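Secondary and tertiary structure notes
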Amino acid sequence: MNDEVAPYLPEVEKGLHLIPTQATEHAGQLDHLYFALVGASAIILLMVVGLIAFFGFRYRAGNKAADRSNLPSTRTENRVEIAVLAAMLVAFMGFFAWATTLYLDSYRGPEPAMTIDVIGKQWMWKIQHPDGTREINAIHVPVDEVIRLRVTSQDVIHSFFVPAFRLKRDVVPGTEKTAWFKATEPGEYRLFCTEYCGSFHSRMLGKVVVMERGDYQAWLTRQGSGQTLASAGKQLFQAHGCSGCHMGKSNVRAPSLDGLYGRSVALDSGEVILADEAYIRDSILQPDKHIAAGYEPIMPSFAGQLSEEDILRIVTYIKSLQPGEWVKESVKENEGESR
Ligand code: CUA
């Protein structure tokens with residue numbers, strides 16, 4: 001491999017593996033389900049093929065020893081068939097319930113210790129940590145912590161895949177998906193793009209570096225990012241003029257955003273919607289999609305004006321606003337003026 005075309009390949013997981021390394025609890029649980037399904041399918045396959053072979057041989061033309069007095073067309077008993085079908089139905093409904101539980105678990109997950117942004121771009125993974133630290137094609141995380149990922153794309157459809165975590169998410173521009181994992185073993189694990197996304201799709205590789213707590217803290221300190229996502233978001237919020245309408249003393253009436261996250265919002269259409277991350281993102285990029293009840297649809301769209309990183313920063317800032325926070329800030333300002 002010459003350097004020009006050599007992809008960025010972490011030196012990890014060498015050797016022959018029948019299945020990828022299991023670096024999360026979820027990976028082990030998913031493998032149990034997988035092997036149980038393969039096992040059940042194998043039993044049924046052997047049963048069907050075995051009976052075909054057995055009957056084919058026993059009732060072959062000219063076998064005088066075979067008893068042909070009780071042919072299917074003359075039988076009225078079907079207890080065996082019903083029993084076998086019922087047993088299979090129960091078994092596979094059991095698999096369905098088992099798989100559904102794991103599937104839902106892979107989306108909901110426990111309360112996360114931190115949220116890390118993952119942005120797909122032709123042809124790299126851009127990572128943004130809550131304290132503002134950024135990296136490319138590598139995600140450093142502490143071991144035994146629940147890490148939540150916010151995954152989005154800046155251009156085309158990519159797919160985020162870490163086999164050792166059994167974790168995969170389609171990365172679709174204009175949407176924001178979440179995923180979570182809790183790595184149980186320190187080490188480096190490969191990260192792939194598993195959606196054909198252009199000429200250098202095959203080079204869109206990275207690694208997840210799982211570190212011991214102490215090592216992770218040391219790594220974070222070495223990065224020295226300076227500005228958290230929320231404070232970077234606040235600057236953008238002001239620079240793009242959002243604060244002019246949404247904050248304090250403006251003449252334009254726009255809904256106040258403090259305490260917005262997680263609240264139910266009444267819409268002009270009469271619907272009520274939960275203000276989650278997707279709602280905040282939509283409101284920035286497609287303000288006409290959900291008009292808050294009692295307000296005019298006058299906000300311009302910011303689509304194309306903000307990079308994916310900036311959108312995530314602003315969303316993080318708006319999420320961080322506690323109820324009444326802006327009132328407190330404007331009181332502080334007024335006190336400053338009166339002095
Ligand atoms: Cu990105 Cu393939």
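Our structure is the block above this text.
Summary of the structure given here. (Residues numbered from 1 in each chain as written. Predicted model: local features only at pLDDT ≥ 70, side-chain atom pairs only at ≥ 80, totals over all residues. Heavy atoms only, no water.)

By the element assignment, Ser 106 lies in helix H2 (residues 79–108). In this view, Ser 106 contacts His 26, Arg 169 and Trp 180; residues no more than four positions away in its chain are not counted. (Helix = DSSP H or I, 4+ residues; strand = E, 2+ residues; numbered from the N terminus. Contact = heavy atoms within 4.5 Å.)

Another point: the sheet that holds strand E1 (residues 114–121). Taken in spatial order, the five strands line up as E3-E2-E1-E5-E8 in an open sheet, and their pairing is mixed. Of all strands in the sheet, those with a lone pairing partner are strand E3 (134–136) and strand E8 (177–181), marking the two edges. Going across the sheet, the axis of each strand differs from the next one's by a mean of 25°, ignoring polarity. Of the pairings in the sheet, the one linking E1 to strand E5 (residues 147–153) comprises seven bridges and is parallel in character. Bridged to Met 114 within E5 is Ile 147. (Pairing = 2+ DSSP bridges. Axes fitted to C-alpha atoms, helices over the stretch in contact; angles between N-to-C directions.)

Let us look at unusual backbone geometry. Glycine aside, a negative phi is what most residues show, and trans is what most peptide bonds show. In this model, Gln 122 is joined to Trp 123 through a cis peptide bond whose omega is -5°. For Trp 123, the position within the fold is in the loop between E1 and strand E2 (124–128). We note that Asp 144 has phi near 60°; this positive angle belongs to a residue other than glycine. The residue Asp 144 is located in the loop between strand E4 (138–142) and E5 in this model. Residue Arg 166 is not a glycine yet carries a positive backbone phi of 50°. We classify Arg 166 as buried; its relative accessible area is 14%. (Buried < 20%, exposed > 50% of the residue type's maximum accessible area, 1.4 Å probe, protein only.)

Glancing now at the pairing of strand E7 (residues 167–171). Because side chains alternate across E7, one face comprises the buried residues Leu 167, Arg 169 and Val 171, and the other comprises Lys 168 and Asp 170, none of which is buried. For strand E6 (residues 158–162) and E7, the ladder comprises five bridges, and the chain directions are antiparallel. Across the sheet, Phe 161 pairs through a bridge with Lys 168, a residue of E7. The antiparallel hairpin formed by E6 and E7 contains four residues in its connecting segment, where Arg 166 sits at a positive phi of about 50°.

Attention shifts here to a nonpolar patch on the surface. A grouping of Leu 45, Met 47, Val 48, Val 49, Leu 51, Ile 52, Phe 54, Phe 55, Tyr 59, Val 80 and Val 84 is seen on the molecular surface, where their side chains present a nonpolar patch of about 1000 Å² in accessible area. The element best represented in the nonpolar patch is helix H1 (residues 25–58), accounting for eight residues. Take Tyr 59: it is sitting in the loop between H1 and H2. Residue class for Tyr 59 comes out partly exposed when judged on its relative accessible area of 36%. (Patch = residues over 30% accessible without salt bridge, like charges linked within 9 Å, V, L, I, M, F, W, Y side chains within 5 Å. Areas by Shrake-Rupley, 256 points an atom, 1.4 Å probe, with all protein chains shown as cover. Salt bridge = Lys/Arg side-chain N within 4 Å of Asp/Glu carboxyl O.)

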